[in-house]
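Fold and geometry: a report
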Amino acid sequence: MIIVMHADASQEQLEAVVNRVVDAGMKTHVSRGETRTIVGCIGDEARVRELALHSLPGVQDVLPVEKPYKLASREFAAEPTVLPLGSGTVGDGAFAVIAGPCSVEGRDMLVKTARSVKAAGAVALRGGAFKPRTSPYAFRGLGLRALEMLAEVRDETGLPIVTEVMDTRHVSLVSQYADVLQIGTRSMQNFPLLSEVGKSDKLVLLKRGMSATLDDFLLAAEYVMNAGNAKVILCERGIRTFERAMRNTLDIGAVPYLKRETHLPVIVDPSHAAGERRLVHPLALAAVAVGADGLLVEVHPDPDSALSDGDQSLDFSAFANLMHAALAVRAAIQAAPRDL
Ligand code: PEP
Ligand code: MN
C-alpha cells in the first residue's frame, strides 16, 4: 500500500500516518519528493486496508499495490489451472463447450438435447433444476425431479452435469446429482453460498454478477477457494450497462483481462449476454477469438416453446453450426502470430 500525502501536509500529519501504520504492525518507508511525500507500507496489505487512512488529515490518496485476491491471482500458481470435465478438460487452451437447455423441462427433451450437443462436440450438459427467476410467477424449475433426470441422462450419455445451486440448504442435495455446481449471476455475492460450495469437492462454475466489477468477481472466486475448493471456472455472461438493446452487455475485454490476472479457466456465456438467438453466434465467436477457455450455451429442441429463455436458445442445427464456426475461429487464432 502506498499513501500519498497532500502537498501541504505537515510533519505532524505525516508522523500521525506513519505511527498509525507502525502500530498496526507494519514497516514504513517515507519518500520525500519536491512536491509530495509518499509513505510506502511494507507488510500485510489487508491490515492497512482496515485502518481508514483516507480520512486522516494530510492524506491525499491510498493506493493498493497488492491485489485484494490471492489464491485466485496469477502470481499464486505457477501454471494455469486445468480442470477435468467429463472426457475432456477445461483451462489453459483446452476448449470446453457446455450446452443444454436453460431449464430441465422433462426427460425426453433433456435426452434429445444431450445426444445432439454431444454429437456436435459439447463436453458437458447444462440444465437448470432450481431457476432464479426475476418474477416469482415464472417457471422456477422442476427441482429434485430435474436433478434425477439430469443424473439419468448423464448415465445414458456420459456427459457430466452442470446445474445451478441457489441456496446453501441445497448444496449437498445438488452435489449428489451434479458434477459442476453453477453459481448464477444473482448469487455471485451470496457469500454464505460461496463458502458452502467452497466446502464441496465439485467443480464450481461461477458466473459474474451482472453488476460486479472484475475485482468483485475475482474476490467471489477467492471466497470459494478460501473455503477449500480451488476448482473454480469463471464465466463472463454480460453485465448491466446503460445499453438496453441487448439483454446484457458482453464484457469481451473481461476475458483477456481475467486470463492475465488469474490462473483459473475463463469461459463465456453468449446466451445470457445476447438475450436473442441471432446474436449468440457472433458473440460466441468473439469470445473464442479473445481466448475464452470455453462456452456455456443454451440449446433447446424447440426454442419457441421453451419454458425459460427460449428467445436466446439455439436449436440443434444452430448449435452444430456454432460449434463448427467456433473451432474454425480457434484454429485461426492459434495459427495467428502472438501478441508480444
Ligand atoms: C442460466 O444459466 O440459466 C442463468 C440463470 O444464468 P445467469 O445466472 O447468468 O442469469
Ligand atoms: Mn437461462
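Please refer to the structure higher up on the page.
Since we're looking at a predicted model, the values are computed, not measured. (Residues numbered from 1 in each chain as written. Chains lettered and ligands numbered in written order. Predicted model: local features only at pLDDT ≥ 70, side-chain atom pairs only at ≥ 80, totals over all residues. Heavy atoms only, no water.)

**Description of the site of ligand 1**
- In the neighbourhood of ligand 1, 13 residues make up the surrounding shell, with Arg 126, Lys 131, Thr 185, Lys 207 and Arg 237 lying closest.
- Glu 298 places a polar side-chain atom, nitrogen or oxygen, 3.2 Å from an oxygen atom of ligand 1.
- Considered on its own, ligand 1 offers 290 Å² of accessible surface; in the complex 97% of this is hidden by protein. (Near = heavy atom within 4 Å. Polar contact = N/O pair within 3.5 Å; in protein donor to acceptor, adjacent residues only side chain to side chain. Areas by Shrake-Rupley, 256 points an atom, 1.4 Å probe, with all protein chains shown as cover.)

**Some points on the sheet that holds strand β9 (residues 161–164)**
- Taken in spatial order, the 8 strands line up as β7-β8-β9-β10-β11-β12-β13-β14 and close into a barrel, and their pairing is parallel. Going across the sheet, the axis of each strand differs from the next one's by a mean of 25 degrees, ignoring polarity.
- With 4 bridges connecting them, strand β11 (residues 203–207) and strand β12 (residues 232–236) associate as parallel partners. Looking at the pairing, Val 204 lines up with Val 232 of β12.
- Together, β12 and β13 (266–268) form the strand contacts of helix α8 (residues 254–261), whose direction differs from that of β13 by roughly 165 degrees. (Pairing = 2+ DSSP bridges. Helix = DSSP H or I, 4+ residues; strand = E, 2+ residues; numbered from the N terminus. Axes fitted to C-alpha atoms, helices over the stretch in contact; angles between N-to-C directions. Contact = heavy atoms within 4.5 Å.)

**A word on the environment of Ala 318**
- Position of Ala 318 among the secondary structure elements: in helix α11 (residues 316–335).
- The spatial distance from the C-alpha of Ala 318 to the C-alpha of His 281 is 8.4 Å, given a sequence separation of 37 residues.

**Here's the deal with a nonpolar patch on the surface**
- The grouping of Ile 2, Ile 38, Leu 63 and Val 65 at the surface amounts to a nonpolar patch, some 290 Å² of accessible area in total.
- With respect to the helices and strands, the residue Val 65 is situated in the loop between β4 (59–63) and β5 (83–85).
- Given a relative accessible area of 54%, Val 65 falls into the exposed group. (Patch = residues over 30% accessible without salt bridge, like charges linked within 9 Å, V, L, I, M, F, W, Y side chains within 5 Å. Salt bridge = Lys/Arg side-chain N within 4 Å of Asp/Glu carboxyl O. Buried < 20%, exposed > 50% of the residue type's maximum accessible area, 1.4 Å probe, protein only.)

**Here we look at the side chain of Ser 200**
- Positionally, Ser 200 belongs in the loop between α6 (191–198) and β11.
- By relative accessible area, Ser 200 is classed as buried at 13%.
- Polar contacts involving the side chain of Ser 200 include one to the main-chain amide nitrogen of Lys 202, which spans 2.9 Å.
- Residues contacting Ser 200, with those up to four places away along its chain left out, are Ser 175, Leu 181 and Asn 229.

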